[in-house]
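# Understanding the architecture of this molecule
Residue strings, one per chain:
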Amino acid sequence: MHLIRIALASLANRRFTALLTVFAIALSVCLLLAVERVRTEARASFANTISGTDLIVGARSGSVNLLLYSVFRIGNATNNIRWDSFERFANHRQVKWAIPISLGDSHRGYRVMGTSTAYFEHYRYARSQALQLAQGREFADDPFEVVLGAEVAQALGYGLGEKIVLAHGVATISLLKHDDKPFTVVGILERTGTPVDRTLHISLAGMEALHIDWQNGMPARGAAQISADQARAMDLQPKQITAFMLGLNSKIATFSLQREINEFRGEPLLAILPGVALQELWSLMGTAEQALFVVSLFVVLTGLIGMLTAILTSLNERRREMAILRSVGARPWHIASLLVLEAFTLALAGVAFGVALLYLGIAGSQGFVQASYGLYLALNAPSSYEWKLLGGILAAAVAMGSVPAWRAYRQSLADGLSIRL
Amino acid sequence: MTQPLIELADLGFAWPGQAQLLDIPHFTLAPGETLFLKGPSGSGKTTLLGLLGGVQRAQSGHIRLLGQDLGQLSAGARDRFRVDHTGYIFQQFNLLPFLSVRENVELPCRFSRLRAERARQRHGSVDAAAAALLDHLGLRTELLGRRADELSIGQQQRVAAARALIGQPELVIADEPTSALDFDAREAFLQLLFAECRAAGASLLFVSHDQSLAPLFDRSLSLGELNRAAKSVEV
């Protein structure tokens, strides 16, 4: 007990350097935990993006590319696929449900997705959670109805009944607007923490109606223009879509159907298993995430080396302190444990302060991070992995403390009770 | 005749790679005796105190403290033996500046169960023992809770004396404890130290180069006379 008291009093006597050391360790611990939290959360929300879908089918390209545009709304399809190809596989005997997807338009930076009501019925994310409407209803027979993702509605401040104009293409600033055919917001989805939140959903018929008078990628002019009302009366059956998702009756059929689609002679198609493609994509991003983690580990190491430096520099000016302790009966191992205790105390204070900083930071930035990055950082107690990290930091501090401890041990043996000044 | 407190016989010591520093054929200190040992710097004084404290081990001969041959004890046992039976007062800066006066005085009792036990037997508790000693040495009780480095040098030396005496060690070793004090304060400090050593029944081995203090002691010796190695160097 008295050793702890002496160690604490000695540290308090050098409180300025001690506080700086604690602060350096605290910052590094906070950074490490923050990186760890964000990457755990990112991985979880990534894996939660899509579930329950057995196959995603699109024009032949790369599997990651297909996953990116069909699920994450990133990048573009290289090619469209024909409606009859979709119909053929949607009616396949192994297929339970099929969701067509048609992409290419946007609204103020958010992607517009044309689909069918099957989407609301069958699309699943996280642990088989279905999409829920927070307000309103799904789009129905009128082609000019839109259902907003939660973030779109929140960020743009849209409510039910709002009239919005979609833009052609996916650039944030689009010069070509479908302003002759405004859409009415009829529903807003619950927040999912997935790209669904950042999507505007319209019917395939709506998508077709938008482009019905377009020729060669340009809007029609003058007499060739077709108004919204005229479009409503026309046949809005799409001829092409971008991709589709399939749910099968039996998982066992997944691979055989995948092969069947990939070998389809009608047009070049690619079918992917979302889980496999997700993993492939994560392994690409995982490197960056690993690198970030390693960097933050090194920052912790730097903090601990700062502590080691501070203790080692103090040793020489504390020879007298050690000699006095020896003269009142402290044995060399007492002196050594005093220094290990000191390192442990500094690290423990640093870790505690760092964890406090982390929670303060999470509490302060929770809303902002969720809104901007779709990551929900919970104010959870540290996970068992985080406890292990913290324990590891303390163990490393004690291991480092043994360096000055060993030096002080040698020094106190050599100096004995008196210091030659 | 009672057993001497310290007995040196044919003690020889040299630092590695250096000439023989100490060669003391015979030396004793009786229980309760106060001895002035004159030793100019470089005479092996510090080394002798290190040997008596069991920090260094003699290469030849014997050092007996209370009849116990220090050379036969392990390093850890010597450390324990030292704190159980010896109190130290050094030149200056004797105290841990960041501890309170009380904590400084009580330090030996934290490392020696024997001295803590003796302090309790005589005063009821270690705290009471510290307070009583400081009171005898003329330090006001309100100083007890102060940080040691807030005291004057003279006060600090009295705190160091109280620390050396707590738990009644049989031997008090003082290494130039008065060199930082002016003459009047020196004599007053010594009188207090004598009185307390007498009250505790401790012997005092007082090492100094200041010959003027010698008449105050029971006996006075010069390390140069004791140490044959020193003589041979002089010749």
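Everything numeric here is computed off the predicted structure, so don't read it as measured data.

### A short note on the overall build of chain A
Looking only at helices and strands, one finds 13 helices and 15 strands in chain A. Its C-alpha radius of gyration of 31 Å places chain A more than 25% over the 22 Å reference for a compact globule of 421 residues. Dimensions along the principal axes, computed over C-alpha positions, put chain A at roughly 105 × 45 × 35 Å. Burial analysis of chain A (421 residues in total) assigns 38% to the buried set.

### Focus on the overall build of chain B
Assigned secondary structure in chain B consists of nine helices and nine strands. Against the compact-globule benchmark of 18 Å for 235 residues, chain B has a radius of gyration of 18 Å, which places it among compact chains. Dimensions of chain B, computed from the C-alpha atoms along their principal axes, are close to 55 × 40 × 40 Å. Within the span of chain B, comprising 235 residues, buried residues form 46% of the whole. Sequence separation of at least 24 residues holds for 74% of the intrachain contacts in chain B that already meet a minimum separation of 6.

### So, the environment of V300(A)
All names here are of chain A. By the element assignment, V300 lies in helix α10 (residues 274-317). A C-alpha to C-alpha distance of 56 Å links V300 and A140, two positions 160 residues apart in sequence. The contacts of V300, once residues within four sequence positions are left out, are S28, V29, L32 and I393.

### A word on the sheet that holds strand β8 (residues 203-208) of chain B
All names here are of chain B. Spatially, five strands are ordered β6-β7-β8-β3-β9 in an open sheet, and the strand pairing comes out parallel. Both edges of this open sheet fall to β6 (86-89) and β9 (219-222), since each of them pairs with a single strand only. Each neighbouring strand pair of the sheet contributes to a mean axis angle of 20°, computed without reference to strand direction. Across four bridges, the pairing between strand β3 (residues 34-38) and β9 is parallel. Counted as the bridge partner of L35 is R219 from β9.

### Here we look at the interface of chain B and chain A
Opposite the 23 residues of chain B that make contact, chain A presents 16 residues. For the side of chain B that touches chain A, the secondary-structure elements that each account for two or more residues are α1 (45-52), α2 (75-85) and α3 (101-111) of chain B.

### Brief notes about the confidence of the model for chain B
Chain-level statistics for chain B give a pLDDT mean of 84 and a share of 97% at 70 or above. The complex prediction reports pTM at 0.75, with the ipTM value standing at 0.85.

### Description of the packing of helix α11 (residues 319-327) of chain A against helix α13 (residues 384-415) of chain A
Residue and element names in this part refer to chain A. Their axes nearest at 10 Å, the elements α11 and α13 cross at an angle of 65°. Considering their axes alone, α11 and α13 lie roughly perpendicular with respect to each other. The crossing of α11 and α13 is right-handed. Judged by residue contacts, R319, M322, A323 and R326 of α11 engage A408, Q411, S412 and D415 from α13. Here the residues of the contact of α11 with α13 sort into three nonpolar, two polar and three charged.

### As for the pairing of strand β4 (residues 110-115) of chain A
Residue and element names in this part refer to chain A. Of all the six residues making up β4, six are buried; the element is thus mostly covered by neighbouring parts of the structure. The hairpin formed by strand β3 (residues 95-107) and β4 contains two residues between the paired strands, and R108 there has a positive phi angle of roughly 45°. As defined by bridge partners, β4 adjoins strand β12 (residues 199-203) across five bridges and the pair is classed as parallel. The residue bridging V112 from the neighbouring strand is L200, located in β12.

### Observations concerning helix α5 (residues 126-136) of chain B
Residues and elements named next belong to chain B. V126, A129, A130, L133 and L134 are the residues of α5 that are buried. Here the buried residues of α5 occupy an arc of 125° about the axis, which is enough to place them on one side. Of the residues one or two after α5, G138 is the one with positive phi, at around 80°.

### Here's the deal with the sheet that holds strand β4 (residues 60-65) of chain B
Residues and elements named next belong to chain B. Pairing in this open sheet of four strands is antiparallel, and the strands run β2-β1-β4-β5 from one edge to the other. Whereas interior strands pair on both sides, the edge strands pair on one side only; in this sheet they are β2 (22-29) and β5 (68-69). In this fold α1 packs onto β1 (6-13), β2 and β4, with an angle of close to 120° to the strand it touches most, β1.

The rules behind these values
Starting from 1, residues in each chain are numbered consecutively following that chain's sequence as written. Throughout, the order in which chains and ligands are written sets their labels, letters from A for the former and numbers from 1 for the latter. For this predicted model, a pLDDT threshold of at least 70 governs which residues receive local features, and a threshold of 80 or more governs which side-chain atom pairs are given and counted, while totals over whole chains, interfaces and linings are taken from all residues. Each helix is a run of DSSP H or I of at least 4 residues and each strand a run of E of at least 2, with the numbering of both proceeding from the N terminus. What the globule rule says is 2.2 Å times the number of residues to the power 0.38, and the radius of gyration is computed from C-alpha atoms. For every residue, the other C-beta atoms within 10 Å of its own C-beta are counted; 20 or more classify it as buried, 12 or fewer as exposed, and values in between as partly exposed. C-beta atoms are placed from the backbone. Residue pairs qualify as contacts under a 7 Å threshold applied to their C-beta atoms, which are placed from the backbone. When DSSP finds at least two bridges between two strands, those strands are taken to pair. Axis lines are fitted to C-alpha atoms, over the contacting stretch for helices. Their N-to-C directions set the angle, which ranges from 0 to 180 degrees. How sure the predictor is of each residue is captured by pLDDT, a score from 0 to 100. Oblique is the label for any angle not under 35 degrees, not over 145, and not in the 65 to 115 range, which are roughly parallel, roughly antiparallel and roughly perpendicular in turn. Handedness of each helix crossing follows the sense of rotation of the near helix against the far helix: counterclockwise by less than a right angle gives left-handed, clockwise gives right-handed. Residues are sorted three ways: Asp, Glu, Lys and Arg are charged, Ala, Val, Leu, Ile, Met, Phe, Trp, Tyr, Cys and Pro are nonpolar, and all the rest, Gly among them, are polar. Starting at the helix axis, one direction is taken to each C-beta atom, and the arc is that of these directions.

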